[in-house]
Amino acid sequence: MIVLGVESSCDETGLALYDTKQGLLAHALYSQIAMHEQYGGVVPELASRDHVKRAIPLLEQVLSESQLVLSAVDAIAYTQGPGLAGALLVGASLANGLAMALNKPVLGVHHLEGHLLSPLLSAKPPEFPFIALLVSGGHTQLMRVDDVGQYTLLGETLDDAAGEAFDKSAKLMGLGYPGGPAISKLAETGDPAIYQLPRPMLHSKNLDFSFSGLKTAVLTLVKNHPGELSLQDKANIARAFVDALVEVLVAKCLSALKTTGMKRLVIAGGVGANAQLRAELNAAAARKRFEVFYPELELCTDNGAMIAFAGALRLQKNPAAASFNYGFNVKPRWPLDAIES
Ligand code: KG4
Ligand code: ZN
């Protein structure tokens, strides 16, 4: 079965073809980062309009890379939510329109399920069950994953997501958008002994997170700093920020593994690309004897491959999930544990 995946929930247009026999055939991505950069964040209406421009050329690209014609596609999966309503509607319209024209089934996929299952696309995939840490721009959640569609929420952020904290702190320091890669890079040259930032909810005895206080602590540092921040000052703050955030994320992962008795940890979402987080988790895994799995780096942030793949797994598990009803809705707010298994 060949599944076309369409991702358009935020500022990346992603198209991909996944074959249940041969694996990922092709995936193509257009990132709108450069367009939104001048505004310091994603402008929803601009995002929607750009998805309209990019989707068809990307579709043509994945078809030509896999040397397939459109009629070879057996089903179409698209991100139905959560995300920006207008942006989601572009992908949903494309997917339903194509499916209708081809008389093929269509399937709405949960964006976070895409992230969550993306490590299964890597060369060393984890087996079920596992604990998943979802760390993206909009979400920070710990889930117990027993199978495709069987997700139990163990804890989540009470305010800002980890990626959001990266993005907002970067903005406060005058770094570009998105903040994650910029802060991570700067942190490499920062001195860890200069600043200490709070570790929110480190000892909260539950699996919830809170990152808005960390961002406020960065704001206080920036405001109270005499004169302009030098590049080295920024690097020192970035280092303190990453140290604090990573320590909390790692501690909560260890706690989730301990309380559930699981031995496998999966990291998914954009912040999963963070080198320091990976280094600390790898060290903890060696120390505490558990396994940690990541998506391929290029599949950490939003992409169409994870949507094609999640769609294919869902259809394999439950062929009745394929719909020939081409009337669609999108779900800008959609909790992952509310999806049908
Ligand atoms: O999963 P994703 O691409 O989109 C959402 O579903 O939100 O995640 C985007 C987030 C942004 O907040 C970005 O700053 C962060 O992931 N990010 C990183 C890194 N690369 C992307 N954060 C820390 N370190 C990175 N290397
Ligand atoms: Zn995402």
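These remarks concern the structure in this document. (Residues numbered from 1 in each chain as written. Chains lettered and ligands numbered in written order. Predicted model: local features only at pLDDT ≥ 70, side-chain atom pairs only at ≥ 80, totals over all residues. Heavy atoms only, no water.)

This paragraph deals with the coordination of the zinc ion (ligand 2). For the zinc ion (ligand 2), the protein coordination sphere consists of His111 (NE2), His115 (NE2) and Asp302 (OD), at 2.0 to 2.1 Å. Coordination at the zinc ion (ligand 2) is irregular, judged from the four donor atoms that bind it and the angles of 93 to 139° they form at the metal. Within one chain, the residues serving as donors to the zinc ion (ligand 2) are arranged as H-x3-H-x186-D. Here the residue His111 occupies a position in helix H4 (residues 111–117), and Asp302 occupies one in the loop between strand E10 (291–293) and helix H10 (305–317), the gap between them amounting to 191 residues. Judged by relative accessible area, His111 falls into the buried class, the value being 7%. The exposure class assigned to Asp302 is buried, which follows from its relative accessible area of 12%. (Donors = N, O, S within 2.8 Å, 3.2 Å for Na, K, Ca; no water. Tetrahedral: all angles 85-135°; square planar, octahedral: opposite > 155°, others 65-115°. Helix = DSSP H or I, 4+ residues; strand = E, 2+ residues; numbered from the N terminus. Buried < 20%, exposed > 50% of the residue type's maximum accessible area, 1.4 Å probe, protein only.)

Take helix H6 (residues 179–187) next. By the burial criterion, the buried members of H6 are Gly179, Gly180, Ile183, Ser184, Leu186 and Ala187. All buried residues of H6 lie within an arc of 165° about the axis, which places them on one face of the element. Residues of H6 that are exposed and point more than 90 degrees away from the buried face comprise Pro181 and Lys185. In the core, the buried residues of H6 are packed alongside helix H5 (162–172) and helix H8 (231–260). (Arc of directions from axis to C-beta. Contact = heavy atoms within 4.5 Å.)

Nothing here speaks to function; it is geometry throughout.
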